[in-house]
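Here is how the chains run, residue by residue.
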Amino acid sequence: METLIGLLVAAPLLGAAVLLCGGRRLDRTGHWIGTALAAASFLLGAVLFADMLGREAGDRTLSQHLFSWIPVGGFQADVAFRLDQLSMTFVLLITGVGTLIHVYSIGYMEHDERRRRFFGYLNLFLAAMLLLVLADNYLLLYAGWEGVGLASYLLIGFWQHKPSAATAAKKAFIVNRVGDIGLSIAIMIMFTTFGTFAFSPVLESVGETGEGTATAIGLMLLLAACGKSAQVPLQSWLGDAMEGPTPVSALIHAATMVTAGVYLIVRSGAIFDAAPTAQTAVVTVGAVTLLFGAIVGCAKDDIKKVLAGSTMSQIGYMVLAAGLGPIGYAFAIMHLVTHGFFKAGLFLGAGSVMHGMNDEVDMRRYGGLRKYMPITFATFGLGYLAIIGFPGLSGFFSKDKIIEAAFAKGGAEGWILGGAALLGAALTAFYMTRVMLMTFFGEERWRNAPTPSPKEPSVEPAAETGGEYEVPHPHESPKSMTVPMIVLAFGSVFAGGLFSWGEAFVHWLEPVVPFEHGHPPVSALTVTAATVVALLIGVGAAWLQYGRKPVPALAPRGSLLTRAARRDLLQDDFNHVVLVKPGEYLTRGLVYLDHKVVDGAVNGTAAAVGGLSGRSRRIQNGYARSYAVSMLGGAAVLVAATLLMRAV
Amino acid sequence: MNPVNYLYLAALLFTIGASGVLLRRNAIVVFMSVELMLNAANLALVAFSRLHGNLDGQIIAFFTMVVAAAEVVVGLAIIVTIFRSRHSASVDDASLMKL
Amino acid sequence: MSFPLLTAVAALPAIGAVATAAVPAARRTAAKWLALAVSLATLVLAAVVAFRFDPGGDRYQLTESHTWIADFGVRYELGVDGIGVALIALTALLIPFVVLAGWHDADPLEGTEPDRRWRPTQGFFALILAVEAMVIISFAATDVFLFYVFFEAMLIPMYFLIGGFGDRAGARDEGEAAKQRSYAAVKFLLYNLAGGLVMLAAVIGLYAVTADQLGEGTFSLQAIVEARASGELTMAQNTERLLFLGFFLAFAVKAPLWPLHTWLPNAMGESTAPVAVLITAVVDKVGTFAMLRFCLGLFPEASAWATPVVLALALVSIVYGALLAIGQRDIKRLIAYASISHFGFIVLGIFAMTSQGQGGATLYMVNHGISTAALMLVAGFLISRRGSRLIADYGGVQKVAPVLAGTFLIGGLATLSLPGLAPFVSEFLVLVGTFTRYPAAGIVATFGIVLAALYVLVLYQRTMTGPVGPGVERMPDLRKRELAVVAPLIALLILLGVFPKPLTDIVNPAVEHTLSDVQKTDPDPEVEAAK
């Protein structure tokens, strides 16, 4: 069985290699190869899962040592895999959702001439993501970590001819790199402290070192998680990442890659348990981000950007739960899985809407679409109910548990975190209801040509249609697209209930992820009631604004907060003023300095020598008589000197 | 006669020679002035030889004469060549190391 | 007496250089094929050296020793340790690609009929082979004087390669380009000669010290190291420090280390891409190699004394080079500044004095050679198509020439040390090796990885993505010859990134020896983790 683990990674990796090196002759079959290999990886995962279920709970960890990667002195990095319940959960999520999205992309990318390459990149992503969750040491995890960053870069910038896509891809990679500094430094501290960076020895002996070291490692890991999972303050890339094709947003920027930060924190739970300061930092980041993302989501008109804000916010929930320690780890992972289902479903639904609407993303140009795309409406609707936490659906179970755990943190901290989580739940209900109402209900605003606005370039008529407005003909998407959406909708509805049945999910993870029951200061039922009330308030507020009144086709100016939220709460303006501009000045200054001062010193020396020789050259004028004078003078000086020496 | 007077004469001749070298432009004159300086030196050598009562100075004077003769041969040849190509014997005209 | 293998590896390209130069003017193509054949044969010999080398054996192997100048104790002494083997292999490996990439770089300009005596093509390839021979001798020399001679002698062919065969594509106007070129060549020569001169003084000083204390002067590295270890040879503190500085200055110019770096962007910018590769991937490595072998081996105490300053300079190089790379408008100068940043990493690793640091630095030399060669040669192909080195003149290349753009991206990703590609292994080793002893330096150096991402991706974005720019519309994709240059380099980058063990196995013992020279051991972990 162990030998199959490597194959999990190898299958999509082979697909990427074949598709990217295969050239044009694979253009016709490439997408089938890619999908088949993704499915093969999923089947392997299922086989391993079945095998794992067949064994005792304490004996479910498999490991495979492939080869020694970097052996230098005490530094021994191996290519070795570890498949336990935690990584198994991820393997199934990644390969399962991944395969569905491969299938969806067959239809979605049908008219793209570079479809083969798209599938190559998707396969590369799967391989890197599986490497990330299967690695048994931090360095190999780091390799997968950067690998998914690369795949994300390639896929965000897939339509490279658009400057905005290329810029967004670059931004995503660089912001992620800032986070990667954290992971590198964490590994260095681990090596310096423990002499190793494999999971088990580090996590087992973390108690033997001081709290300071554990805090340092924890904070560095948190930095890494912030980068990958788009948490404040490294959140700015996720919104722009929506420039990529929608299946990419669904797979990478919703269901899997962005949750890697949560995986990292939960995997390193022992380190955070030993470092309360780092845990406080984690919950703070989680709480701030869940509100940040939700506020941004409330103001955006671009459907994908709303979903991006929502993703950020939901991952904020997971990070918050992961920062709570053993009372939250399992729920963080549970929410991660259910979120994987419903958010991927929502994104695919958004893609399906765009597919039928000439790639329009502005929700103010939608409206009343439920008649035209019933399957999309139904699946999107189920995803919607799941994400807002409608009782009985997936999101309800996982989110409610997190809110409960947040209150259970205890003291003022517990109240603040719980309050933030509740507020987040209300906001989630608000912005998701807003999306539903603006997209599928109300007037059919897309029938009229958009009125151009000088302030909002996004609603200007598309340049490629030459100013002529072409009324879209909304239609349902092909089967290859709707089937994955239906499957994901099933997951959105039932996964949560299944996982919570007798705490099945918690017990499944317990051998690797420690679990404790949290004890909130009020009864669990009260928390649930409060969650439902928050949800109703959010839905009601949205209905008052977007359901009862017609939605203006042009965005109103809005309050100061709305305008700030539309600009992602000024994150880019902040980065621009604090980082980009000074950086530009620094670079320009240094270029000038290098030329004028460092190089100038050298050239100056050369010029000084040149000038000196120019002066001395004048003495050598070629006139024999002047040489004779200097000889005479020299002789006279010599004689005089000799005489003087004698005299003295 | 006091041999020191010969030294005065040598100094005088040397000065005349040196002034000639420095002040005249004609290569031939410069050349003769150089000869004058050499002979002034010879005179001084012989005078010293007499003063000190050994023959070293006179021997060196013979050497100087031989060198001067060789110099005349080479020097005159150069001057004649320069004169042929430039139609001038001025030393200032030949300030570059080429013709 | 066994076959003098190391001499053969160096002699083969030297003979090849003479033979190539002697090819008649009309047979230009024959000269190219001859040069390629010779470089490939050298590669085979270098592979034999690598296989004959036993990592578990003596420190220096395949040794040869003959008297050269008996009066001054100068010997023709060759021998390689693992570090030398790795770098000889790198050199022998890169030269065939340099030759192949420069296939048309020295062709006579179109429309001009070459006269029978002027043979630039033959000269170009002969000079490349001559550089190869000298570099290989430098990597194999264990006699300080022998090393010095070839360390300096390689400046001569490099001078002609830079000044004589400029980047034609960048020539806006031939006169201006020729002026820039000769400026770059003279700058290169003067910088390196100045460094070499100081080193000559130190070499003579070293001889004087050994002659004074051992009774008989010697330049033999092994003899001096042994005498120092046994206490026969002791240097006064100041003498040792001065001698160290003399050696180090020359190597720091060659490496190049901030603030002695300004010759590199000029030289790499003005020369053709293959020559730029020769400079940064091959010749400059002699500088860092010599720091490791001669500075640490001959002057261990002075090396420890200078470590804080050298580390600071290395850190400045890393950050400064990267920041300047971001600010460049010229593709080749950008790569040059990126190299300065990378040389900072190499020097950092060497002077961190840990097995990870020095092992990483050695791997870095090899990996940086391969990755820069890949990036620079593709950049050269790009530049030769459009006839401009300015980044602003490109845009949207990805659309018209996807393979070119793809290989450029892989070269760039290697430069920014993406895991899975070879430079990651070495960069991470250097960082970890530095961190275990100097945590602050390790953290500062880590910022280099963000800056690297910035300059590589900005370069890629501006040249390859976006709408197709003017002058780019009809750009052809990579040709067969060009693909034959790039594909093996990329394969090597991946291979050494995934499975670097064969290389680390050769390098590790040599690093242990070097560390024992300076009497340092790796710091122990704070907690001995249960393994």
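- Labelled according to an unreviewed UniProt entry, chain B appears under the name NADH-quinone oxidoreductase subunit K, originating from Streptomyces radiopugnans.
- The UniProt entry for chain B carries this comment under Sequence similarities (unreviewed entry): "Belongs to the complex I subunit 4L family."
- Quoted verbatim from the Subunit (unreviewed entry) heading of the UniProt record, the comment on chain B is "NDH-1 is composed of 14 different subunits. Subunits NuoA, H, J, K, L, M, N constitute the membrane sector of the complex."

1. Points about helix α3 (residues 85–108) of chain A
Thought 1: Between its first and last C-alpha atoms α3(A) spans 34 Å; for 24 residues at 1.5 Å apiece the expected length is 34 Å, and the two agree.
Thought 2: When you tally the buried positions in α3(A), you get 22 out of 24 residues, the bulk of the element.

2. Thoughts on the environment of T428(A)
All names here are of chain A.
Thought 1: Within the secondary structure, T428 is located in helix α18 (residues 411–440).
Thought 2: Note: C-alpha distance between T428 and S313 (115 residues apart in sequence) is 8.4 Å.
Thought 3: Those residues in contact with T428 that lie beyond four places of it in its chain are Q314, I387, I388 and K399.
Thought 4: A polar atom in the side chain of T428 sits 2.6 Å from the backbone oxygen of G424.

3. What to know about the pattern of salt bridges
Thought 1: Tallying each qualifying case throughout the model produces 26 salt bridges over all chains.
Thought 2: A salt bridge links R364(A) to D301(A); the shortest N-O distance between them is 2.8 Å. Taken together, the residues span a long stretch of sequence, with R364(A) in the loop between α15 (329–356) and α16 (374–388) and D301(A) in the loop between α13 (276–299) and α14 (303–323) at a distance of 63 residues.
Thought 3: Assessed through its relative accessible area of 13%, D301(A) is described here as buried.
Thought 4: D599(A) is the salt-bridge partner of K187(C), the closest N and O atoms lying 2.7 Å from each other. Of this pair, K187(C) sits in helix α7 (residues 174–214) while D599(A) is found in helix α23 (residues 571–617), placing the two residues in two different chains. Across the pair, exposure class does not vary: K187(C) and D599(A) are buried alike.

4. Remarks on helix α3 (residues 56–86) of chain B
Residues and elements named next belong to chain B.
Thought 1: Between its first and last C-alpha atoms α3 spans 44 Å; for 31 residues at 1.5 Å apiece the expected length is 45 Å, and the two agree.
Thought 2: Buried within α3 we find G57, A61, T64, A68, G75 and I79.
Thought 3: Against α2 (27–52) lie the buried residues of α3.
Thought 4: Once α3 finishes, H87 follows within two positions and takes phi at roughly 55°, a positive value.

5. As for the interface of chain A and chain C
Thought 1: Each side of the interface is counted separately: chain A has 57 residues, and chain C has 63 residues.
Thought 2: Counting the surface lost from both chain A and chain C, the interface buries some 5,200 Å², and carbon and sulfur atoms represent 69% of this.
Thought 3: At the boundary of chain A and chain C, one finds 1 salt bridge.
Thought 4: For the side of chain A that touches chain C, the elements supplying multiple residues, two or more each, are β1 (62–72), α5 (138–156), α6 (163–194), α7 (199–205) and α23 of chain A.
Thought 5: Here the side of chain A that touches chain C gets 18 residues from one element, more than from any other, and that element is α6(A).

6. Description of the interface of chain A and chain B
Thought 1: With 7 residues of chain A at the contact, the number on the chain B side is 9 residues.
Thought 2: Here chain A and chain B share 0 salt bridges between them.
Thought 3: Taken together, the connections running from chain A to chain B amount to 1 residue pair in polar contact (both at pLDDT 80 or more).
Thought 4: Residues that form the side of chain A that touches chain B fall into these classes: 4 nonpolar, 2 polar and 1 charged.

7. A few points about a nonpolar patch on the surface
All names here are of chain A.
Thought 1: Residues F574, V577, V578, L579 and V580 make up a contiguous nonpolar surface patch of roughly 480 Å² in combined accessible area.
Thought 2: Tracing the chain through its elements places L579 in helix α23.
Thought 3: Residue L579 is classed as exposed on the basis of its relative accessible area, which comes to 55%.

8. Points about the pairing of β1(A)
Residue and element names in this part refer to chain A.
Thought 1: Bridge count for β1 against strand β2 (residues 75–83) is 9 bridges, and the pairing is antiparallel. Looking at the pairing, V72 lines up with F75 of β2.
Thought 2: Counting the residues in the hairpin turn of β1 and β2 gives 2 residues, including G73, whose phi is positive at 60°.

9. Digging into the UniProt feature "transmembrane region" (unreviewed entry) in chain B
All names here are of chain B.
Thought 1: Mapped onto this numbering, the UniProt entry gives "transmembrane region" (unreviewed entry) at residues 6–23, 28–48 and 60–83.
Thought 2: Structurally, residues 6–23 comprises 100% helix and 0% strand, and the distance from its first C-alpha atom to its last is 25 Å.
Thought 3: The straight-line gap between the two end C-alpha atoms of residues 28–48 is 30 Å; of that span, 100% is helix and 0% is strand.

What counts, and at which threshold
- Residues numbered from 1 in each chain as written.
- Chains lettered and ligands numbered in written order.
- Predicted model: local features only at pLDDT ≥ 70, side-chain atom pairs only at ≥ 80, totals over all residues.
- Heavy atoms only, no water.
- UniProt positions renumbered as here; feature names shortened; annotations may be inferred.
- Helix = DSSP H or I, 4+ residues; strand = E, 2+ residues; numbered from the N terminus.
- Expected span 1.5 Å × (residues − 1).
- Buried < 20%, exposed > 50% of the residue type's maximum accessible area, 1.4 Å probe, protein only.
- Contact = heavy atoms within 4.5 Å.
- Polar contact = N/O pair within 3.5 Å; in protein donor to acceptor, adjacent residues only side chain to side chain.
- Salt bridge = Lys/Arg side-chain N within 4 Å of Asp/Glu carboxyl O.
- Buried area = accessible area lost by both parts, 1.4 Å probe.
- Nonpolar A, V, L, I, M, F, W, Y, C, P; charged D, E, K, R; others polar.
- Patch = residues over 30% accessible without salt bridge, like charges linked within 9 Å, V, L, I, M, F, W, Y side chains within 5 Å.
- Areas by Shrake-Rupley, 256 points an atom, 1.4 Å probe, with all protein chains shown as cover.
- Pairing = 2+ DSSP bridges.

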